[in-house]
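# A structural walkthrough
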Amino acid sequence: MNTKIKPFFLWRHLNKLRWLTLTLVFLMLISLPFIHVYQTYVAAHAYDLLAPSEKQLYDVMETLTAPLTNDPQEKLDAIKGTTWSGTFWEFKLSDPLAIVGQMAAGFTVYTPFLLTALIPVIFTVLFGRFFCGWICPATFLYELNTNVAALLQRFGIKYGNRRFDLRIKYLVLVVGLILSAITGSVLVATIYPPAIIGRELYYTIALGGFGAGTVFFIGTLLFDLLVARRGFCRYLCPGGALYSLLGRFRLVRIRRIVENCNDCAKCNAICEFGLDPLRDHFGQECNNCTACIAICPTNAMTFTLRPMDYPEQGAGHLGRQYRKIPALMDKEVD
Amino acid sequence: MQRRSFLQNLIAKATLLAGAALPYGVARVLAPTEARSDEERNYLRPPGALKDESAFVSACIGCGLCGEVCPPRCIRFHDRDGGDKVNTPYINPEEKACILCDKCMEVCPTEALTKTPRFDIDMGIAQIDRTACYPWVDRGICGACVSICPLGERAIGFKMWYQYQPIVKQACVGCGLCVEVCPHPSLPIWIVERSKGTVAGHTV
């Protein structure tokens, strides 16, 4: 007990940073369509012909973007797109699932497009499903949805917490790719929530009407609420399946410091993905969201560089379970 | 319990219904795409799109970037109407026409829209109905399509000696600005696939 390993103090605050990035990504997806609409008004050079509501949007966007650039028509093109595929100052990034889906649909490999997924793939190999926890705009809504579920619980409505086989999502991925190959169109994009959200936000704001994707997404929210907590991400998401496979031997993972652990099981309760940090079971599903690090009352969770999880370390040394074993206690006293 | 058996019955029937509808759904998905109908004549692919429609559909990942950079906001997306073309872009010049700014080709991450020099773009070719166009039926002077054309003389011009009677020429890339600007309510100018155009038969 006297030789305590203290995790780096900032790890506890990573969860706040994660919420910040999730919020920023979501705000980006909302603001980009507005920016585009503003750009089209600028390009038309016809402020006087705009309807009053359009003028209002023009004025607001002009006020917001004036400090950034004096050439909105060209310079605001710097950031475009969604998490499915986007450009940042001429630098293109794409979702690895988009690459795989396109390869399945067309039986072709287009190298420039392949390279746009290089950085996401490298990050996924290092950090596992980090996209799911840190960037995915659907995660932002799904985690809020979990909070709604807790609220419903207070009003006496029980939310579903069924468990299924985690391998269903690999089946969804494979079937999605096979169907993509048969139909010759990238069908995985139609059931992949982050792609749906980016797209539907653009359709809704800039093109004046949402499509079938929104209906599907609401369906997944209800599934999460009534059937299984974060059920879509854990059991059905094809992207999550791909990232789980890529990040199976991820180098950066969370581990439990058994010396500090008191078996309170708060980590198991907070884990959105229903994993078992208390018994060192993270596996390929963990998305490094750091919620368990943030909630741990005894600083028993930290990051480690290991391609595999620690084997089960047994009861935490601060817990009651551990003190029941006298042989170990004696050792501890020395 | 009566309620339980009723619910069981209901679930069994719903499952049966869903199972029965499955073959139809699969058949619907696998069905070959229909030939372009007359209503669809103005649904164009954005400039630089792969010539082969099925190659375009399989190359497009539906990211919507082309729409997001489009200055006139002319690029729309197939949605429920799309079938296997869902989320792929189209331009309907009757609503809003392409201005050939090349931004969509630059931003497209896949080879679905490839960078193409302006005169090599092939979205289609304009077609004029000479039984409706105002100057062609001697109902006044117009020339709106000729004056809006971004490609100039090589794409559309007036018939020699008969001013204001527009003639489409081979350099037309089918951007559709003429369709957007045409004042005639029945739109006697529209875009067709290049192979279906009758431009070669025109006497200039």
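Residues numbered from 1 in each chain as written. Chains lettered and ligands numbered in written order. Predicted model: local features only at pLDDT ≥ 70, side-chain atom pairs only at ≥ 80, totals over all residues. Heavy atoms only, no water.

### Here we look at the sheet that holds strand β3 (residues 91-94) of chain A
Residue and element names in this part refer to chain A. If you trace the three strands from one edge of the open sheet to the other, you get β1-β2-β3, paired in antiparallel fashion. With one partner strand each, in any of the chains shown, β1 (79-81) and β3 form the two edges of the open sheet. Adjacent strand axes in the sheet meet at a mean angle of 15°, parallel and antiparallel pairs treated alike. (Pairing = 2+ DSSP bridges. Helix = DSSP H or I, 4+ residues; strand = E, 2+ residues; numbered from the N terminus. Axes fitted to C-alpha atoms, helices over the stretch in contact; angles between N-to-C directions.)

### Re the pairing of strand β2 (residues 85-88) of chain A
Residues and elements named next belong to chain A. Of the pairings in the sheet, the one linking β1 to β2 comprises three bridges and is antiparallel in character. Each bridged residue has a counterpart across the sheet, and for G81 the counterpart in β2 is G86. Adjacent in sequence and paired antiparallel, β1 and β2 are bridged by three residues. As defined by bridge partners, β2 adjoins β3 across four bridges and the pair is classed as antiparallel. Its bridge partner being in β3, G86 is matched across the sheet by L93. Where β2 hands over to β3, the hairpin turn is made up of two residues, of which W89 adopts a positive phi near 50°.

### With respect to the side chain of A:D309
All names here are of chain A. In this fold, D309 is placed in the loop between β5 (301-305) and α16 (320-323). Looking at D309, its side chain comes within polar contact range of the main-chain nitrogen of F282, at 3.2 Å. Here the side chain of D309 touches G283 through a polar contact of 2.6 Å, landing on its backbone nitrogen. Not counting residues within four places of it along the chain, the set of residues in contact with D309 comprises R253, D280, H281, F282 and G283. (Polar contact = N/O pair within 3.5 Å; in protein donor to acceptor, adjacent residues only side chain to side chain. Contact = heavy atoms within 4.5 Å.)

### Observations concerning the domain arrangement of chain A
A common way to report how large an interface is uses the accessible area buried once the components associate. All names here are of chain A. As assigned here, chain A comprises domain 1 (130-245) and domain 2 (251-323). Measuring from the centre of the C-alpha atoms in domain 1 to the corresponding centre in domain 2 gives 26 Å. In this assembly, 15 residues from domain 1 lie in contact with 12 residues from domain 2. A buried area of about 1,100 Å², summed over both sides, lies between domain 1 and domain 2, and 42% of it is on carbon and sulfur atoms. On the surface where domain 1 and domain 2 come into contact, there are two salt bridges. (Domains from an automatic or database assignment. Buried area = accessible area lost by both parts, 1.4 Å probe. Salt bridge = Lys/Arg side-chain N within 4 Å of Asp/Glu carboxyl O.)

### With respect to helix α9 (residues 168-183) of chain A
Counted at 1.5 Å a residue, the expected span for α9(A) with its 16 residues is 22 Å, and the 22 Å between its end C-alpha atoms agrees. Those residues of α9(A) that fall on the buried side of the exposure criterion are A:K169, A:Y170, A:V172, A:L173, A:G176, A:L177, A:S180 and A:T183. Those residues of α9(A) hidden inside the fold are in contact with α4 (96-106), α12 (231-236) and α13 (238-246) of chain A together with α1 (2-30) of chain B. Where α9(A) terminates, the next one or two residues include A:G184, which has phi positive at roughly 75°. (Expected span 1.5 Å × (residues − 1). Buried < 20%, exposed > 50% of the residue type's maximum accessible area, 1.4 Å probe, protein only.)

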